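For reference, the chains in residue letters:
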Amino acid sequence: MSRSGTAADPVTELALTGDLARPARLRVPDLLAWPQHQARVSFECATSGTRHHRFTGPLLHDVLHDARPGFDPARRKDRLRFLIALSGADGHHVLLSWAEIDPDFGQAPVLLAVSIDDTPLDRAGPQLVLPQDRCGARHISGINAIHLDGRYTSRT
Ligand SMILES: Nc1nc2c(c(=O)[nH]1)N[C@H]1C(S)=C(S)[C@@H](COP(=O)(O)O)O[C@H]1N2
Ligand SMILES: [Mo]
């Protein structure tokens, strides 16, 4: 079902852009198309102390993999120069490296959560979940943009 959002009924879209053969615009219900994972997470916040949440959603890796990143999948070294820039609707940003979530390298079980504590995130937008993080700062809520960039090199 396709609906357009209004001020009274906002629908957050997530734009997947950058070095991708299949860029996409996804709503939270679209993220149910990938295998769903669960994570029980505890993290510390500098201002609000220890927080506990339960999240469900697809792996960030699975969603981005299907958008076809612009590297040769058969050449593992080719993936190492790719950065993933994620932004929340409020302008909170985080950078990950592709290798951090790639099963052949760091394999961090990073989720794009579609629910928090059994509450769907359809309106707020997906939330980034890094179960291994001690600090909460990378658990960005309301993610509306993910940009893949393979230009990175230390050569000037
Ligand atoms: N979009 C967005 N997400 C964010 C932040 C933010 O400023 N903007 N702050 C982060 C920080 S610092 C923490 S500790 C957690 C707190 O999450 P909680 O209050 O839902 O437990 O949200 C994270 N996600
Ligand atoms: Mo925080």
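Check the entry above for the structure.
Now for a description of the structure that goes with this document. (Residues numbered from 1 in each chain as written. Chains lettered and ligands numbered in written order. Predicted model: local features only at pLDDT ≥ 70, side-chain atom pairs only at ≥ 80, totals over all residues. Heavy atoms only, no water.)

## Let's talk about the side chain of Ser87
Within the fold, Ser87 resides in strand S5 (residues 83-88). By relative accessible area, which is 16% here, Ser87 ends up buried. Apart from residues lying up to four places away in sequence, Ser87 is in contact with His92, His93, Gly142, Ile143, Asn144 and Ala145. (Helix = DSSP H or I, 4+ residues; strand = E, 2+ residues; numbered from the N terminus. Buried < 20%, exposed > 50% of the residue type's maximum accessible area, 1.4 Å probe, protein only. Contact = heavy atoms within 4.5 Å.)

## Here we look at the pairing of strand S6 (residues 93-97)
Only one face of S6 is covered, namely the one carrying Val94 and Leu96; the face carrying His93, Leu95 and Ser97 has none of its residues buried. The pairing of S5 with S6 spans five bridges and is antiparallel. Note that in S6 the partner of Ile84 across the bridge is Leu96. Remark: four residues form the turn of the hairpin made by S5 and S6, two consecutive strands paired antiparallel; Gly91 in that turn has positive phi of roughly 90°. (Pairing = 2+ DSSP bridges.)

## Examining the site of ligand 1
Every residue lining ligand 1 is accounted for by Phe43, Cys45, Arg51, His53, Asp90, His92, Gly136, Ala137, His139, Ile140 and Ser141. Between ligand 1 and Arg51, the relevant distance is 2.6 Å, taken from an oxygen atom to a side-chain nitrogen or oxygen of the residue. Within the side chain of His53, one N or O atom sits 2.7 Å away from an oxygen atom of ligand 1. For ligand 1, the accessible surface in isolation is 540 Å², of which the surrounding protein chains cover 70%. Taken together, the elements giving at least two residues each to the shell around ligand 1 come down to strand S3 (37-45) and strand S4 (49-57). Split by residue class, the shell around ligand 1 holds four nonpolar, five polar and two charged. (Near = heavy atom within 4 Å. Polar contact = N/O pair within 3.5 Å; in protein donor to acceptor, adjacent residues only side chain to side chain. Areas by Shrake-Rupley, 256 points an atom, 1.4 Å probe, with all protein chains shown as cover. Nonpolar A, V, L, I, M, F, W, Y, C, P; charged D, E, K, R; others polar.)

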